[in-house]
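The residues making up each chain are set out below.
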Amino acid sequence: MKKIAVIFIAFTMVLFVVSCGDGESKVSNDTGDTGADTGDTGADTGDTGDTGDTGTTTDTGADTGDTATDTDPETDTDSNSNVDDTDTEDPVEEEGPCAENPCAEDETCTVDATTEEGYICTCIDGKIRPSETVCGSTQHGKLYQKCENGDWAEKCTCDPGEYPEVCGYYAQKMWFTSKSKVFTIDLAEGWTRTYFHIVQEQEQDKIHIKATYCNIKIDNSMSSVLQVVMPQSFADALGTAGKEAVLTKNDDGTFGYKQDIFWEIRGIDPNCYGDNPAEYILPTNSADPCVQDWDNDGLPGLTVTAKGTMSGTMGMVEKSSSIIRDGYFDENGVLNAYVDWTDKQNILYTTNQMLKDGSDNQIKNESSKFDGPANFIEQVKIEDGSDCAFIVNNAGTIFSPDPVNLK
């Protein structure tokens, strides 16, 4: 009986060792646990079921010869989870003044015991916090804060510094003179007049512009043969363009104005040319996936009409550019400048095949019909809050007379 009792005690010890873990050998054999348990965030997310244990534990450390007592899955208690749960190197959930991030969305929180609150909020460079508070010597700007080198710097959208103040609302007239040809007809000289509603913000010599198309009118010296009409829907579809301009200091103490080349691709999905509009080639097929119906009339591109001998309707896409140069301010503060421009159009749809090639427009720097600049802008300060309707209805008193009376 004593012999049987000894054997029974020995057998019980074996069962105890197997079922209670043989912990050190199992940690070294657990392929999901690398010793420091770097994937364990408190819930043992790095151990997805003890990949070395498929139901039959093969203890290669202390019990390699004993497989008979570990074949029942119910007797195999995965003690590795207990080891993981007591892993002292597991990261502890962050506590302290930054635990709930008391800073604003555009700031980062850093624990700092030297401050009264125990933390410091640091802004993210480049972030902007706008305000409704007006500023600027003529109250045409609004205050805002911009993060620079980790600190909020208070600025004004109207900060002229040593330059003329050009903030606020303006009315602009842009005039183009062209040599135009449609089909086989030389139209001699063409003119395009565009009214813009301008809102400007200023950082000393830098001007940030929002230019909204208000109205476009076209005429030419052969209008009895062909006159192109730009419906209001055309201008409305062009919306508002963001532009940048620069003020310059002249040697005589006066100030100049210039705007680098500005490209416009009309009737085309902007994703098709991205940040390289200069190299974009206009499609010639209305089924091209880049073509869009900007004026929502069911026709591809933008719709214009023609009157006269060659009348008809056209759906077009267009690529144009403009450079504003040699600008100056007269004694009344009105901005005058010269414009260089290009224009390319493709007709995607027309009711008159004689119009299918569109109009070939080339800049003409001198007019045969009037003296003075042939391609220019005139920009006049208007009351803040004014809109396009105000500009169109009062153009006769806002701007100087047109070089040619457009029909």
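Structure's up top.
Just so we're clear, the structure is a prediction, and the values are computed from it rather than from any experiment. (Residues numbered from 1 in each chain as written. Predicted model: local features only at pLDDT ≥ 70, side-chain atom pairs only at ≥ 80, totals over all residues. Heavy atoms only, no water.)

J.: Can you walk me through the nonpolar core in this structure?
T.: Counting residues in each nonpolar core, the largest one holds 38 residues, and the members touching the most others are Phe234 and Tyr257. Secondary-structure elements contributing two or more residues to this core are β7 (168–182), β9 (190–203), β10 (206–220), α4 (232–238), β12 (240–249), β14 (302–308), β15 (312–329) and β16 (335–350). With residues up to four places along the chain from it excluded, the contact list for Tyr257 reads Gln200, Ile207, Ile209, Ala245, Val246, Leu247, Thr248, Ile324, Arg325, Asp326, Gly327 and Leu335. Core analysis: the second largest hydrophobic core is formed by 10 residues, Cys214, Ile382, Ile391 and Ile398 among them. (Core = buried A, V, L, I, M, F, W, Y, C linked by side-chain atoms within 4.5 Å. Buried < 20%, exposed > 50% of the residue type's maximum accessible area, 1.4 Å probe, protein only. Helix = DSSP H or I, 4+ residues; strand = E, 2+ residues; numbered from the N terminus. Contact = heavy atoms within 4.5 Å.)

J.: In this structure, what is going on with the pairing of β7? I would like to understand it.
T.: Counting buried residues in β7 gives 12 out of 15 residues, a clear majority hidden from the surface. By the bridge criterion, 11 bridges tie β7 to β9 in an arrangement that is antiparallel. Its bridge partner being in β9, Ser178 is matched across the sheet by Gly190. Where β7 meets strand β18 (residues 376–381), 6 bridges bridge the pair, whose relative direction is antiparallel. By the bridge assignment, Trp175 is partnered in β18 with Phe376. Examined bridge by bridge, β7 and strand β17 (residues 359–363) share 5 bridges and lie antiparallel to one another. What sits directly across from Lys179, in β17, is Gln362. (Pairing = 2+ DSSP bridges.)

J.: Would you explain the state of the cysteines in this entry?
T.: Inspection of the entire model under this criterion finds 7 disulfides. Between the sulfur atoms of Cys98 and its disulfide mate Cys109 the distance is 1.9 Å. A torsion of -75 degrees about the S-S bond marks the disulfide between Cys98 and Cys109 as left-handed. Linking Cys98 in the loop between α3 (80–85) and β1 (107–111) with Cys109 in strand β1, this pair joins segments that are 11 residues apart in sequence. (Disulfide = S-S within 2.5 Å.)

J.: Would you mind going over the sheet that holds strand β4 (residues 141–148) with me for this structure?
T.: Through backbone hydrogen bonds, the strands of a sheet pair up, either in parallel or in antiparallel fashion. Strand order in the open sheet formed by 3 strands is β3-β4-β5, with antiparallel pairing between adjacent strands. Only two strands of the sheet have a single partner each, and these edge strands are β3 (128–135) and β5 (151–156). Strand-to-strand twist in this sheet, taken as the mean axis angle between neighbours without regard to direction, amounts to 25 degrees. The pairing of β4 with β5 spans 6 bridges and is antiparallel. The residue of β5 that forms the bridge with Tyr144 is Lys155. (Axes fitted to C-alpha atoms, helices over the stretch in contact; angles between N-to-C directions.)

J.: Is there a simple way to think about the side chain of Ser178 in this case?
T.: Looking at the element boundaries, Ser178 is found in strand β7. A polar side-chain atom of Ser178 sits 2.9 Å from a polar atom in the side chain of Ser180. Excluding residues within four positions of it along the chain, Ser178 makes contact with Ala188, Glu189, Gly190, Trp341, Asn361, Gln362 and Lys364. (Polar contact = N/O pair within 3.5 Å; in protein donor to acceptor, adjacent residues only side chain to side chain.)

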